[in-house]
Amino acid sequence: MPFVFDGHNLIGQTPGLRLDDPDDEQKLVALLRSYLTRVGKKGTVVFDQGTFADLPSLSSRTLTVRFARPPRTADDVILEMVRRDANPRGLTVVTSDRRVSELARQAGARVQNAAAFVKEMRAAPARPAEKERGLTPVEAEKWEQEFKSRRP
């Protein structure tokens, strides 16, 4: 299920990020890329007006970065993306904006609160299951003896 992120809304909810930091978008993009890679999903983050020249360098295989061009806002772009999607039920919009949440739900998208998403994004990745180590030499010898003793 692809994500659509309300970028500046997420920055305001993410500890360590500040909207008055000139590098806030790049920092959020790095966090989102890491998260999406970890969970094996894709997404688009939408910011209000920004430096459009940075757009290609910020986007990656897992994350598309968009800036709203005035007079449109990130909210406008997000809602248009949801309305135009062939399967809006397959989208998760991440925002704490009430209007965006309500309209995205009406269009059929799933909505996740930005603060709840940030907790999930910052959570430590699940530890992979411990790899089976196979039989020890002693265990292998025991099984070999067991099978040999069963021969007719």
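Placed above this text is the structure.
The shown structure was predicted, so the numbers you read here are calculated from the model rather than taken from an experiment.

Participant: Looking at this structure, I do not really get the overall build of the protein chain. What am I missing?
Facilitator: A count of helical and extended segments in the protein chain gives seven helices and five strands. Scanning the protein chain from its N terminus toward the C terminus, one meets helices and strands in the order β-α-α-β-α-β-α-β-α-β-α-α. Residues classed as buried in the protein chain amount to 36% of the 152 residues present. Across the protein chain, the fraction of contacts at a sequence separation of at least 24, relative to all contacts at a separation of at least 6, is 49%. A total accessible area of about 9900 Å² is found for the protein chain, and carbon and sulfur atoms account for 51% of it.

Participant: Would you mind going over the pairing of strand β2 (residues 43-47) with me for this structure?
Facilitator: Working note: regular strand, side chains alternate between the two faces of the sheet. For β2, the tally of buried residues reaches five of five residues, placing the bulk of the element in the interior. With burial as the criterion, each face of β2 is covered, one bearing Gly-43, Val-45 and Phe-47 and the other bearing Thr-44 and Val-46. Bridge analysis of strand β1 (residues 3-6) against β2 gives four bridges, and the strand direction is parallel. Paired with Val-4 across the two strands is Thr-44, which belongs to β2. In this sheet, strand β3 (residues 63-67) lies alongside β2 in parallel orientation, the contact comprising five bridges. Residue pairing across strands places Thr-44 opposite Thr-64, the latter belonging to β3.

Participant: Sorry, what's going on with the side chain of Gln-112 here?
Facilitator: Relative to the elements of secondary structure, Gln-112 occurs in strand β5 (residues 110-112). Given a relative accessible area of 11%, Gln-112 falls into the buried group. Engagement of the side chain of Gln-112 in a polar contact is seen with the side chain of Glu-120, the distance being 3.2 Å.

Participant: I keep staring at the sheet that holds strand β4 (residues 92-94) and nothing clicks. Help me out?
Facilitator: In any sheet, the strands associate via hydrogen bonds between backbone groups, in a parallel or an antiparallel arrangement. In spatial order, the strands read β3-β2-β1-β4-β5; together these five strands make up an open sheet with parallel pairing. In the strand order of this sheet, the two ends are held by β3 and β5, each with one partner. With direction set aside, neighbouring strand axes in the sheet form an average angle of 20 degrees. Judged from the three bridges that link them, β1 and β4 form a sheet pairing that is parallel.

Participant: Looking at this model, I keep getting lost on unusual backbone geometry. Mind explaining?
Facilitator: If a residue is not glycine, its phi is most likely negative; likewise, a peptide bond is most likely trans. Following Pro-70, the chain continues to Pro-71 via a peptide bond in cis, the omega torsion being 15 degrees. When you line up the elements, Pro-71 lands in the loop between β3 and α4 (74-84).

Participant: What's the story with the packing of helix α2 (residues 24-39) against helix α6 (residues 114-122) in this structure? I'm lost.
Facilitator: Pairs of packed helices are described in terms of their axes, by the angle between the two and the distance that separates them. Running from N to C, α2 and α6 cross one another at 70 degrees; their axes reach a closest spacing of 10 Å. Viewed along their axes, α2 and α6 adopt a mutual orientation that is roughly perpendicular. Where α2 crosses over α6, the handedness of that crossing is left-handed. When α2 is examined against α6, the residues Leu-31, Leu-32, Tyr-35 and Arg-38 are found in contact with a partner set consisting of Phe-117, Glu-120 and Met-121. Grouping the constituent residues of the contact of α2 with α6 by class yields five nonpolar, no polar and two charged.

Participant: Help me out: how do you make sense of the nonpolar core in this one?
Facilitator: Generally speaking, a soluble globular protein has its nonpolar side chains buried in company with each other. By size, the foremost hydrophobic cluster in this structure holds 21 residues, and its most contacted members are Phe-5, Leu-10, Leu-32, Val-45 and Phe-117. No other element matches the five residues that α2 contributes to this core. Other than its neighbours up to four places away in sequence, Phe-117 contacts Phe-3, Phe-5, Leu-10, Leu-32, Tyr-35, Val-94 and Gln-112. Val-4, Val-46, Ala-74 and Ala-104 belong to the second largest nonpolar core, which has 15 residues in total.

Reading the values: the criteria
Residues numbered from 1 in each chain as written. Predicted model: local features only at pLDDT ≥ 70, side-chain atom pairs only at ≥ 80, totals over all residues. Heavy atoms only, no water. Helix = DSSP H or I, 4+ residues; strand = E, 2+ residues; numbered from the N terminus. Buried < 20%, exposed > 50% of the residue type's maximum accessible area, 1.4 Å probe, protein only. Contact = heavy atoms within 4.5 Å. Areas by Shrake-Rupley, 256 points an atom, 1.4 Å probe, with all protein chains shown as cover. Pairing = 2+ DSSP bridges. Polar contact = N/O pair within 3.5 Å; in protein donor to acceptor, adjacent residues only side chain to side chain. Axes fitted to C-alpha atoms, helices over the stretch in contact; angles between N-to-C directions. Parallel < 35°, antiparallel > 145°, perpendicular 65-115°, else oblique. Left-handed = near helix turned anticlockwise from the far one by under 90°. Nonpolar A, V, L, I, M, F, W, Y, C, P; charged D, E, K, R; others polar. Core = buried A, V, L, I, M, F, W, Y, C linked by side-chain atoms within 4.5 Å.

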